[in-house]
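Descriptive structure summary
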Amino acid sequence: MLLKGKKILVLGIANHRSIAAGIAKVCAEQGAQLALTYLNDRFRKSVEKIAADFEDPLLLPCDVNDDEQVAALFATLQEKWGRLDGLVHSIAFANQDDLKGSFEETSRDGFMLAHNISAYSLPLLANHAKPLMAEHGGAIICMSYLGGERVVSNYNVMGVAKASLEMSAKYLAASLGQHNIRVNIVSPGPIKTLAASGIAGFRGILDEVKERNPLKRNVDPNDVGNVSAFLLSDFSSAVTGETVHVDAGYHILGM
Ligand SMILES: NC(=O)c1ccc[n+]([C@@H]2O[C@H](COP(=O)([O-])OP(=O)(O)OC[C@H]3O[C@@H](n4cnc5c(N)ncnc54)[C@H](O)[C@@H]3O)[C@@H](O)[C@H]2O)c1
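Per chain, the residues get numbers from 1 upward, laid out in the order the sequence is written. Predicted model: local features are reported for residues with pLDDT of at least 70 only, side-chain atom pairs are reported and counted for 80 or more only, and whole-chain, interface and lining totals are derived from all residues.

1. Here's the deal with the site of the ligand
Heads up, the rule is: We call a residue near a molecule or strand when the C-beta position, derived from backbone atoms, sits within 6 Å of it. Classification used: nonpolar for Ala, Val, Leu, Ile, Met, Phe, Trp, Tyr, Cys and Pro, charged for Asp, Glu, Lys and Arg, polar for all others including Gly.
Around the ligand sit 26 residues in total, of which S18, A92, M143, T193 and A195 are the nearest. Each residue belonging to the shell around the ligand can be placed in one class, and the counts come to 20 nonpolar, five polar and one charged.

Below is the structure:
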């Protein structure tokens, strides 16, 4: 088992379709003990349902916009576990109006909102995780998308936020490396989830990617979970600041 005895915090489960749900499942199968968070009461029940499949999970609220709630989350982890081995950041949000049309029409508030939730939350969470990981080392992963490296229709402000997230991960890898805390980026291909349903024309993206990518299939949260488990495990002990595409090879394509 890749993650036997490791204590891993997973942020970003909304329902059973969530990429974070797939990651949590594989981590649990690989022997990890999990803490799961839910955004607010609207999501509590569905995350509770997923948590019921795991052994002795912690279930805690966390809105990354709420500094007190973030601090309370890590205080609870300190009290219950006293350490943290892994952190999964699988969080993003943008106004639906900013996920279609012309990028230059993005409002200041929409730009700030997307960056605050989808990118700033990574250094925020990493800073809280640091004292819980610093003694023995740890691993942090976050979810990006090709639209953070190249222009993808309608991804707009979220693409710019993903670019910020990816560079945040690299700066964190550089500054936390001295504590043996590794920070890596997973870049999945498109998957039908709640967040993805906000992107205009998402169905068409799924079809095109499936038709064109080398493996001729779409990816699923289990594919992402497998790679995430590797990056959270000691099998990737010398890998940090890396981006791993879990996209059936789509990102290698030119014409
Ligand atoms: N689905 C895809 O096609 C795809 C592809 C590549 C990357 N991703 C990324 O994967 C990650 C997970 O998305 P998903 O597709 O599983 O969708 P999802 O809707 O299941 O998950 C998004 C999560 O973000 C959480 N969230 C939003 N605002 C938050 C806040 N203020 N505080 C805390 N949590 C908040 C939601 O509660 C939800 O659990 C995101 O970063 C997304 O951009 C998704």
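Right, picking up where we left off after that structure.
2. Thoughts on the confidence of the model for the protein chain
We apply this condition: Every residue gets a pLDDT, meaning the predictor's confidence in that residue, from 0 to 100. We count a stretch as a helix when DSSP gives it H or I for four or more residues in a row; a strand needs E for two or more, and each element gets its number in order from the N terminus.
Mean pLDDT over the protein chain stands at 97; residues scoring 70 or higher make up 100%. By mean pLDDT, helix α6 (residues 202–212) is the weakest element of the protein chain at 94, and strand β4 (residues 86–89) is the strongest at 99.

3. Quick word on the sheet that holds strand β7 (residues 243–246)
As a reminder of what qualifies: Strand pairing is defined by DSSP finding a minimum of two bridges between the two strands. As a rule, the C-alpha atoms of each element are fitted with a line to give its axis, helices using only the stretch in contact, and angles between N-to-C directions run from 0 to 180 degrees. By the criterion used throughout, residues are in contact when their C-beta atoms, derived from the backbone, lie within 7 Å.
Pairing is parallel across the open sheet formed by seven strands, whose spatial order is β3-β2-β1-β4-β5-β6-β7. On the outer flanks of this sheet lie β3 (58–61) and β7, each paired with one strand and no other. Taking the axes of each pair of neighbouring strands and ignoring which way they run, one obtains an average angle of 20° across the sheet. As paired elements, strand β1 (residues 7–11) and strand β2 (residues 33–38) share four bridges and run parallel to each other. Following the sheet pairing, L9 is matched in β2 by A35. Sitting on the sheet, helix α2 (residues 41–51) touches β2 and β3, and the angle it makes with β2 is about 165°. Where helix α3 (residues 67–80) meets the sheet, it contacts β1, β2 and β3, and its direction lies at approximately 160° from that of β3.

4. What to know about the nonpolar core
Under the convention used in this document: Residues of type Ala, Val, Leu, Ile, Met, Phe, Trp, Tyr and Cys that are buried and joined through C-beta atoms within 7 Å form what is called a nonpolar core. Exposed residues have 12 or fewer other C-beta atoms within 10 Å of their own C-beta, buried residues have 20 or more, and residues in between are partly exposed; the C-beta atoms are placed from the backbone.
V10, I13, A24 and C27 are the most contacted members of the largest nonpolar core, which totals 74 residues. Top contributing element to this core by residue count: helix α5 (residues 156–176), with nine residues. Dropping the residues within four chain positions of it, I13 is found in contact with S18, A20, A21, A24, L36, Y38, V47 and I50. Judged by nonpolar contacts, the second largest core, of five residues, contains Y145, L146, I205 and Y250.

5. Side note on the pairing of β4
Which entries qualify depends on this criterion: We call a crossover right-handed when, viewed with both strands directed away from the observer, the connection leading from the first strand over the helix to the second proceeds clockwise.
By the alternation rule, side chains of β4 split into G86 and V88 and L87 and H89, which are all buried. The pairing of β1 with β4 spans four bridges and is parallel. Bridged to L9 within β4 is L87. Handedness of the crossover joining β4 and strand β5 (residues 138–143) through helix α4 (residues 108–133) is recorded here as right-handed.

6. Section: the packing of α3 against α4
We count it as follows: The labels follow the angle: roughly parallel below 35 degrees, roughly antiparallel above 145, roughly perpendicular from 65 to 115, and oblique for the rest. Two helices that cross are described as forming a left-handed crossing if the nearer one is turned anticlockwise from the farther one by less than a right angle, and a right-handed crossing if clockwise.
Where α3 meets α4, the axes come as close as 10 Å, and the angle between the chain directions of the two elements is 20°. On the basis of the axis angle, α3 is roughly parallel to α4. Where α3 crosses over α4, the two elements pack in a sense that is right-handed. On α4, the residues that touch V70, F74, L77 and Q78 of α3 are L124, L125, H128 and L132.

7. Notes on unusual backbone geometry
Residues other than glycine seldom take positive phi values, yet N156 does so here, at roughly 40°. We classify N156 as buried; it has 27 C-beta atoms within 10 Å. Phi at N180 takes a positive value of approximately 60°, unusual for a residue other than glycine.

8. Details of the pairing of β5
Across a regular strand the side chains alternate sides, sitting on one face of the sheet and then on the other. Within β5, six of the six residues are buried, which leaves the element mostly enclosed by the surrounding structure. Along β5, one buried face is formed by G138, I140 and C142 and the opposite face, lined by A139, I141 and M143, is buried too. Where β4 meets β5, four bridges bridge the pair, whose relative direction is parallel. Each residue of the ladder has a partner; that of L87, found in β5, is I140. Two elements, β5 and strand β6 (residues 181–188), share six bridges in a ladder whose sense is parallel.

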